[in-house]
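An overview of the molecular structure
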Amino acid sequence: QVQLVESGGGSVQAGESLRLSCSVSSVTDINRMGWFRQAPGKEREGVASIRSDGSGTTYGVPVKGRFTISQDNAKSTVYLQMNSLELEDTAMYYCAASGSFYWGPLSPRRYKYWGQGTQVTVSS
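Residues numbered from 1 in each chain as written. Predicted model: local features only at pLDDT ≥ 70, side-chain atom pairs only at ≥ 80, totals over all residues. Heavy atoms only, no water.

Description of the overall build of the protein chain
Convention followed: By definition, any uninterrupted DSSP run of H or I lasting at least four residues is a helix, any uninterrupted run of E lasting at least two residues is a strand, and each is numbered from the N terminus. The rule is simple: take the accessible area with a 1.4 Å probe, protein chains only, and divide by the maximum for that residue type; under 20% is buried, over 50% is exposed, in between is partly exposed. Throughout, a contact is declared for two residues whenever any of their heavy atoms are within 4.5 Å. Computed with a 1.4 Å probe, the accessible areas rest on the Shrake-Rupley method; for each residue, only the protein chains presented here act as cover. Charged residues are defined here as Lys and Arg on the positive side and Asp and Glu on the negative side; His and the ends of the chain fall outside this count. In plain terms, the charge of a residue is placed at NZ if it is Lys, CZ if Arg, CG if Asp and CD if Glu.
What the protein chain contains, in helices and strands, is zero helices and 11 strands. N-terminal to C-terminal, the α/β element order of the protein chain is β-β-β-β-β-β-β-β-β-β-β. By its C-alpha atoms, the protein chain is 40 × 30 × 25 Å across when sized along the principal axes. Burial status across the protein chain gives 42% buried among its 124 residues. Taking contacts inside the protein chain between residues at least 6 apart in sequence as the whole, the part at least 24 apart equals 57%. Carbon and sulfur atoms form 47% of the exposed surface of the protein chain, whose accessible area is close to 6,600 Å². Across the protein chain, 12 positive and 10 negative side-chain charges occur, with their mean positions spaced 5 Å apart.

Thoughts on the packing of aromatic side chains
Filter applied, for reference: Paired rings are identified among Phe, Tyr and Trp, the last through its six-membered ring, by centres lying within 6.5 Å, and are further divided according to the angle between planes into stacked (under 30 degrees), edge-to-face (over 60) and tilted (the rest).
Across all of its chains, the model carries three aromatic pairs by this definition. When the centroid spacing of 5.0 Å and the interplanar angle of 75° are considered together, the rings of phenylalanine 36 and tyrosine 111 count as edge-to-face. Linking phenylalanine 36 in strand β4 (residues 32–38) with tyrosine 111 in the loop between β9 (91–98) and β10 (113–114), this pair joins segments that are 75 residues apart in sequence. Classification of phenylalanine 36 as buried rests on a relative accessible area of 0%. Ring geometry for phenylalanine 36 versus tryptophan 114: centroids 4.9 Å apart, planes at 55°, classification tilted. Highlighted residues: phenylalanine 36 in strand β4 and tryptophan 114 in strand β10, separated in sequence by 78 residues.

This is a description of form; function is not addressed.
Here it is, written out as C-alpha cells:
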C-alpha cells in the first residue's frame with residue numbers, strides 16, 4: 001500500500017509562486033507520479049506527471065511553462081514548483097502514484113494511489 005502526503009499549499013496573490021511537496025511511503029511497483037487539481041464544480045485535471053526514473057515529464061496545457069515537476073528519490077518526495085500563479089490555478093491539488101501502463105500520463109484513471117490534497121488559493 002502506497003501512502004502519499006501533500007504539503008505546501010496556501011494562499012498567494014496572482015503572480016507569486018508556491019512549491020508543493022508529496023511524500024511517498026513506497027515506490028515499489030510505481031512507474032509514474034502525477035499532480036492533479038480539482039476546482040469546485042469541475043472535473044479533476046491532470047497538471048503534471050513524471051516517470052519514476054525521472055526520464056520524462058508531461059504537463060497540462062494551462063500550466064506548461066509555469067509549473068515544474070521534479071523528484072528527489074533519496075527523500076522519496078515529488079515536488080511541483082508553481083510560478084506565475086493565476087486566479088484559475090485555485091484548486092485542491094492532489095499527488096498520485098501509478099503502477100499502470102494504461103491511460104495517458106495525465107489521466108486520473110491511470111493512478112491507483114492518491115493523497116488527501118492540499119489547497120491552493122490565488123487571489124488578485
